[in-house]
Amino acid sequence: MAKKKLIFDTRDLETASQEVLEKVDKALVAAAFKIRDEMRDEFIKSQSNYKYSTSEYKKMTQGIMVGRLNNSQIKIHALGNKANDGTWKARFFVGGTTYRKNNRGNKGYIKSNEAVDKGLSDAENILNSFIKNTLDN
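Residues numbered from 1 in each chain as written. Predicted model: local features only at pLDDT ≥ 70, side-chain atom pairs only at ≥ 80, totals over all residues. Heavy atoms only, no water.

Engineer: So what's going on with the overall build of the protein? Which residues, and what values?
Structural biologist: Counting secondary structure elements, the protein contains 4 helices and 4 strands. For the protein, the sequential pattern of α-helices and β-strands runs α-β-β-α-β-β-α-α. Counting every position in the protein, which comprises 137 residues, the buried fraction comes to 24%. The long-range share in the protein, meaning contacts at least 24 apart out of those at least 6 apart in sequence, stands at 51%. (Helix = DSSP H or I, 4+ residues; strand = E, 2+ residues; numbered from the N terminus. Buried < 20%, exposed > 50% of the residue type's maximum accessible area, 1.4 Å probe, protein only. Contact = heavy atoms within 4.5 Å.)

Listed below in structure tokens is the structure:
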């Protein structure tokens, strides 16, 4: 059952709305990490789509990351780290590359990975359930 707060004065409304916003922000961050984890799971499952996947493919899942909370908005991206740890390579798999060819022959391309799109398919439901649970408690 939801906890209710009694408001006796209009000044209490200011703090009540701030408390609700803080709860929603916490739920937003928690939902973003849950969605990120689902995207990473989808990324790992899609390894079989690539004929010559590297042994570092599972490590590249760390390139799907959650950004900072800014004005009640948060981003989930597949850009990886700036550090040379290999996670930055995830962006090529998620976005795909164009067909490459040079004087020495065919270089091929990397087929795009649908992990981010599949992870976002249920994102709204996840976010709604996290917010509802937070506000109910």
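Engineer: Explain the nonpolar core to me, using residue names and the numbers behind them.
Structural biologist: With 16 residues, the main nonpolar core has F43, Y57, M60 and F93 as its most contacted residues. Counting only elements with at least two residues in this core, the list comes to α1 (10-45), α2 (90-95), α3 (115-120) and α4 (123-136). Here this core gets 4 residues from one element, more than from any other, and that element is α1. (Core = buried A, V, L, I, M, F, W, Y, C linked by side-chain atoms within 4.5 Å.)

Engineer: Outline the environment of D25, listing residues and values.
Structural biologist: Along the chain, D25 turns up in helix α1. Judged by its relative accessible area of 19%, D25 is buried. Sequence-wise, D25 and Q73 are 48 residues apart; in three dimensions their C-alpha atoms are separated by 8.4 Å. Dropping the residues within four chain positions of it, D25 is found in contact with L69 and S72.

Engineer: Give a description of the environment of M65 that names residues and reports values.
Structural biologist: Mapped onto the fold, M65 is located in strand β1 (residues 65-66). If we ignore the near neighbours within four places in the chain, the residues touching M65 are R36, K75, I76, H77, G80 and N81.

Engineer: Give me the lowdown on the side chain of R40, citing residues and values where you can.
Structural biologist: In this structure, R40 sits in helix α1. Buried charge R40 goes without a salt bridge, the closest partner of opposite sign being D37 at 4.7 Å. A distance of 2.9 Å separates a polar atom in the side chain of R40 from the backbone oxygen of I64. Sequence-distant contacts of R40, defined by excluding residues within four places in its chain, comprise T61, Q62 and I64. (Lys, Arg positive; Asp, Glu negative; His and termini not counted. Salt bridge = Lys/Arg side-chain N within 4 Å of Asp/Glu carboxyl O. Polar contact = N/O pair within 3.5 Å; in protein donor to acceptor, adjacent residues only side chain to side chain.)

Engineer: Requested: an account of the pattern of salt bridges, with residues and values cited.
Structural biologist: Inspection of the entire model under this criterion finds 4 salt bridges. For E38, the salt bridge identified is with K34, shortest N-O distance 3.9 Å. Taken together, the residues E38 and K34, both in helix α1 and 4 residues apart, mark about one turn of the helix. Note that R36 is salt-bridged to D37, the shortest N-O span being 2.8 Å. For D37, a relative accessible area of 34% gives the class partly exposed.

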